[in-house]
Amino acid sequence: MMVPESHPRYKSLLNRDRIVEAFESGVLAKGGMIAHGRGETFDYLIGESTTDAALNSIKVSAALLVLAENPVISVNGNSVALAKDEFVELAKELNGKIEVNLFYRTTEREEKIKDVFESDINGGIVLLGIDNADKQIPGIDHLRGKVSESGIYTSDVVLVPLEDGDRAEALVKMGKTVIAIDLNPLSRTARKSTISIIDELTRCIPLITEYVREYKKMDRAELLKIVENYDNEENLRNILNLISKRLTSVDLI
Ligand code: ATP
Ligand code: MG
């Protein structure tokens, strides 16, 4: 579908198109479409823009990614459908590692996603989690727990857009710093992760990349200052307060 740029819901419709296309091409599972709808609802509630609280967690996340020894960006069908190029840009500023992590893992879907990244693999991206996912996250069932040795398994910081709550929790238990991107501040993922960016994927990834570029010029002591007082529970409370204030004061007409 061609969406005219002048349409008031242009961005949202464009994202829907990408989701539908990804489903039709086999990159996205049916459940991924439902997850997208849940995200859209929460985006209305936060006002469809990056809040101050989200910006703060974006900055802290960028600093943690720069400080990390083995940062890994985990992607699934939704994230590939919506922001593949944005993830590649971010990975290139780090160590190039992107790991495919699917809730509904099938060989067919793995191959489809590999195809999507083909030109990036030649351009310096290390795509993990398909041919080499021979390690297991403790406590997670076999297919969902598959990770690669040089990627998520040995990572110290993992960026997980739209992760499911179980895996986020298991990754934290493994001692990793888990940065989730999730529009729902009440989800288990948002509550169990170390840092939860309550923002829309396509809006916040370019911002993370921008801060990573800036922070790469800073020394460790300065970066540690950015991350030191972060409190994720406070972050989630700030977002919930913002939503409740919006709901009682929003202009309806
Ligand atoms: P829980 O985290 O409570 O275990 P879940 O992970 O099983 O729940 P899903 O609906 O599968 O629940 O998760 C999808 C999550 O991704 C939702 O919380 C939704 O708000 C979020 N989401 C969907 N699309 C986007 C997007 N474009 N950007 C950011 N978050 C999104
Ligand atoms: Mg979740």
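Residues numbered from 1 in each chain as written. Chains lettered and ligands numbered in written order. Predicted model: local features only at pLDDT ≥ 70, side-chain atom pairs only at ≥ 80, totals over all residues. Heavy atoms only, no water.

The protein chain is annotated in an unreviewed UniProt entry as 4-phosphopantoate--beta-alanine ligase from Methanococcus maripaludis. What UniProt records for the protein chain under Pathway (unreviewed entry) is the sentence "Cofactor biosynthesis; coenzyme A biosynthesis." (UniProt positions renumbered as here; feature names shortened; annotations may be inferred.)

Novice: Before we go on, may I ask you to explain the side chain of His36 in this structure?
Specialist: Summarising the element assignment, His36 is placed in helix α2 (residues 30–46). With residues up to four places along the chain from it excluded, the contact list for His36 reads Asn15, Arg16, Ile19, Asn78 and Leu82. (Helix = DSSP H or I, 4+ residues; strand = E, 2+ residues; numbered from the N terminus. Contact = heavy atoms within 4.5 Å.)

Novice: Mind showing me how you'd approach the packing of helix α1 (residues 10–25) against α2 here?
Specialist: The geometry of a pair of packed helices is captured by two quantities: the angle between their axes and the separation between those axes. Orientation of α1 relative to α2, taken along the N-to-C sense of each, is 165 degrees, at an axis distance of 9 Å. Accordingly, the angle class assigned to the pair α1 and α2 is roughly antiparallel. When the axes of α1 and α2 are compared, the crossing they make is right-handed. Of the residues in α2, those touching α1 at Ser12, Asn15, Arg16, Ile19 and Phe23 are Lys30, Met33, His36 and Glu40. In the contact of α1 with α2, the residues fall into 3 nonpolar, 3 polar and 3 charged. (Axes fitted to C-alpha atoms, helices over the stretch in contact; angles between N-to-C directions. Parallel < 35°, antiparallel > 145°, perpendicular 65-115°, else oblique. Left-handed = near helix turned anticlockwise from the far one by under 90°. Nonpolar A, V, L, I, M, F, W, Y, C, P; charged D, E, K, R; others polar.)

Novice: Got a minute to help me understand the pairing of strand β7 (residues 177–181) in this structure?
Specialist: Residues in a regular strand project their side chains so that they alternate between the two faces of the sheet. Of all the 5 residues making up β7, 4 are buried; the element is thus mostly covered by neighbouring parts of the structure. In terms of strand pairing, strand β6 (residues 157–161) meets β7 through 5 bridges, oriented parallel. By the bridge assignment for β7, Val160 is matched with Ala180. Crossover handedness for the path β6 to helix α7 (residues 165–173) to β7: right-handed. (Buried < 20%, exposed > 50% of the residue type's maximum accessible area, 1.4 Å probe, protein only. Pairing = 2+ DSSP bridges. Right-handed = clockwise from strand over helix to strand, strands pointing away.)

Novice: Sorry, what's going on with the UniProt feature "binding site: ATP" (unreviewed entry) in the protein chain here?
Specialist: In the numbering used here, UniProt assigns the "binding site: ATP" (unreviewed entry) feature to Arg16, Arg38, Asp182, Leu183, Asn184, Arg188 and Thr189. With a sequence span of 174 residues, these residues are also far apart in the fold, their greatest C-alpha distance being 24.4 Å. Along the chain, the position of Arg38 falls in helix α2. Judged by its relative accessible area of 57%, Arg38 is exposed. In this fold, Asp182 is placed in the loop between β7 and α8 (188–192). Among residues more than four places away in sequence, those in contact with Asp182 are Ser187, Thr189, Ala190, Ile197, Ile198 and Asp199.

Novice: Would you mind going over the coordination of the magnesium ion (ligand 2) with me for this structure?
Specialist: Geometrically, a metal with four donors at the corners of a regular tetrahedron has ideal angles of 109.5 degrees, and one with six donors at the corners of a regular octahedron has ideal angles of 90 or 180 degrees. Every protein donor of the magnesium ion (ligand 2) is listed here as Glu163 (O) and Thr189 (OG1), and their distances to the metal cover 2.3 to 2.7 Å. Separated by 26 residues along the polypeptide, Glu163 in the loop between β6 and α7 and Thr189 in helix α8 bring together distant segments of the chain. What makes Glu163 buried here is its relative accessible area of 8%. (Donors = N, O, S within 2.8 Å, 3.2 Å for Na, K, Ca; no water.)

Novice: Would you explain the site of ligand 1 in this entry?
Specialist: Taken together, the neighbourhood of ligand 1 is formed by 18 residues, with Arg38, Asp182, Arg188, Thr189 and Glu200 sitting nearest. Here Asp182 contributes a side-chain N or O atom positioned 2.7 Å from an oxygen atom of ligand 1. When the free accessible area of ligand 1 is taken as 640 Å², the share hidden by the protein chains comes to 84%. Mapped by element, the contributors of at least two residues to the shell around ligand 1 are α2 and α8. Taken together, the residues of the shell around ligand 1 sort by class into 5 nonpolar, 6 polar and 7 charged. (Near = heavy atom within 4 Å. Polar contact = N/O pair within 3.5 Å; in protein donor to acceptor, adjacent residues only side chain to side chain. Areas by Shrake-Rupley, 256 points an atom, 1.4 Å probe, with all protein chains shown as cover.)

Novice: Where do I start with helix α4 (residues 77–93) in this structure?
Specialist: Every α-helical turn comprises 3.6 residues, leaving residues that sit three or four positions apart pointing alike. Between its terminal C-alpha atoms α4 stretches 22 Å, which fits the 24 Å expected from 17 residues at 1.5 Å a residue. At Ala83, α4 shows its largest kink, close to 95 degrees. The element α4 is extensively covered by neighbouring structure, given that 12 of its 17 residues are classed as buried. All of the buried residues along α4 are Gly77, Asn78, Ser79, Val80, Ala81, Leu82, Ala83, Lys84, Phe87, Val88, Leu90 and Ala91. N-cap assignment for α4: the residue whose side-chain oxygen lies 3.3 Å from the backbone N of Asn78 is Asn76. (Expected span 1.5 Å × (residues − 1). Bend = angle between axes of the 7 residues up to and from the residue.)

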